[in-house]
Amino acid sequence: QVQLQESGPGLVKPSETLSLTCAVSGYSISSGFYWDWIRQPPGKGLEWIASIYHSGSTYHNPSLKSRVTISVDTSKNQFSLKLSSVTVADTAVYFCARHDSSAWQFDYWGQGTLVTVSS
Amino acid sequence: DIQMTQSPSSLSASVGDKVTITCRASQTITRYLNWYQQKPGKAPNLLIYAASTLQSGVPSRFSGSGSGTDFTLTISSLQPEDFATYYCQQSYSYPRTFGQGTKVEIK
């Protein structure tokens, strides 16, 4: 059973960098698929952030690209997100997900972690 | 970016009703369309991928159809556990984009 678990600080100050990690169990990241970050501001819809393959190939949302760094650590079977220069608009629940290449659907998700940007 | 527009934004229905949600893409996405169900405080759950393929473990009362720019999610007989928000998502191109969601509420 594939499981994903997000971790990281729940509170970040404005202008600082948000850092999250997604630990994957039940599947080796090195075996394939893309691995993604998606966020959801409170009471709002879903926004795709970025995607990474085990080789390091990445895709980013242009609306966030200049602030986003996504990376993978195959030795720890986890991948990470850094979002710099955060503002209150970055307050959201952040989800990690597996991006299945059969039809590019998000088939496994983490439970999500709320990150609040506040001084 | 491909814009995804769902309608309606919300609906009220009774247990046993047939429910239809539509999703329109701003350009053709062939059949690269996925549907998710989200309950409060939970992650989205994949229901249908590639427009009409039912994800393993999803009840057969859920079905999807469409191609090109117009897609439909149908729940044939609404059950109490189906009250939730539903999202469509295109996987034709980057950036991946979602519809704004359709909230299905109890009448």
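What comes next is a walk through the structure. A quick note: this is a predicted structure, and the numbers were derived from the prediction, not measured. (Residues numbered from 1 in each chain as written. Chains lettered and ligands numbered in written order. Predicted model: local features only at pLDDT ≥ 70, side-chain atom pairs only at ≥ 80, totals over all residues. Heavy atoms only, no water.)

### A short note on the state of the cysteines
Residue and element names in this part refer to chain B. Applicable threshold: We call a pair of cysteine sulfur atoms a disulfide whenever their separation is within 2.5 Å. Put simply, DSSP marks the helices as runs of H or I at least four residues long and the strands as runs of E at least two long, and each gets a number from the N terminus on. For every residue, the accessible area obtained with a 1.4 Å probe (protein chains only) is divided by the maximum for its type, and the residue is called buried under 20%, exposed over 50%, and partly exposed between those limits.
For the structure on display, the rule yields 2 disulfides over all chains. The disulfide partner of Cys23 is Cys88, and the gap between their sulfur atoms is 2.1 Å. When the S-S torsion is 70°, as for the bridge of Cys23 with Cys88, the disulfide is right-handed. Highlighted residues: Cys23 in strand S3 (residues 19-25) and Cys88 in strand S9 (residues 85-90), separated in sequence by 65 residues. Assessed through its relative accessible area of 1%, Cys23 is described here as buried. On the accessibility criterion, Cys88 (0% relative accessible area) is buried.

### Describing the sheet that holds strand S7 (residues 68-73) of chain A
Residue and element names in this part refer to chain A. Rules: Pairing between strands is defined by DSSP: at least two bridges between them are needed. Only the stretch in contact is used when fitting a helix axis, every axis being a line fitted to C-alpha atoms; angles between N-to-C directions are given from 0 to 180 degrees.
Spatially, S1-S3-S8-S7 is the arrangement adopted by the 4 strands of the open sheet, whose pairing is antiparallel. Across the chains shown, the open sheet's two edge strands, defined by having one partner strand only, are strand S1 (3-7) and S7. Ignoring which end each strand starts from, the neighbouring axes of this sheet average 20° apart. Taken together, the 5 bridges between S1 and strand S3 (residues 18-25) define a ladder with antiparallel strand orientation. Each residue of the ladder has a partner; that of Gln5, found in S3, is Ala23.

### Let's talk about the interface of chain A and chain B
How big an interface is tends to be stated in terms of accessible area lost as the parts join. Inclusion rule: Between two residues, a contact is recorded if the distance between any of their heavy atoms is within 4.5 Å. Take the accessible area each of two parts loses on contact, using a 1.4 Å probe, and add the two losses: that sum is the buried area. Within this document, salt bridges are pairs made up of a side-chain nitrogen of Lys or Arg and a carboxyl oxygen of Asp or Glu, the two lying within 4 Å of each other. Here a polar contact means two N or O atoms within 3.5 Å. Within protein one must be a hydrogen donor candidate and the other an acceptor candidate, and residues neighboring in sequence count only if both atoms are side-chain atoms. All residues other than Ala, Val, Leu, Ile, Met, Phe, Trp, Tyr, Cys, Pro, Asp, Glu, Lys and Arg, Gly among them, are scored as polar; the first ten of these are nonpolar and the last four charged.
With 21 residues of chain A in contact, the opposing surface of chain B contributes 18 residues. Across the chain A to chain B interface the summed buried area is about 1,600 Å²; carbon plus sulfur atoms make up 67%. For the pair chain A and chain B, the interface holds 0 salt bridges. Linking chain A with chain B are 5 residue pairs in polar contact (both at pLDDT 80 or more). By residue number, the principal contributor to the side of chain A that touches chain B is strand S10 (residues 105-109) of chain A, which donates 4 residues. Residues belonging to the side of chain A that touches chain B are distributed by class as follows: 10 nonpolar, 9 polar and 2 charged.

### Points about unusual backbone geometry
Cis geometry is adopted by the peptide bond preceding Pro8(B), which originates at Ser7(B) and carries an omega value of -5°. Position of Pro8(B) among the secondary structure elements: in the loop between strand S1 (4-7) and strand S2 (10-13). Residue Pro95(B) is bonded to the preceding Tyr94(B) through a cis peptide linkage, with omega at 0°. Position of Pro95(B) among the secondary structure elements: in the loop between S9 and strand S10 (97-98). In this structure, Ser15(A) takes a positive phi of about 80° despite not being glycine. With respect to the helices and strands, Ser15(A) occurs in the loop between strand S2 (11-12) and S3. Ser15(A) sits in the exposed class, given a relative accessible area of 56%. We note that Thr30(B) has phi near 50°; this positive angle belongs to a residue other than glycine.

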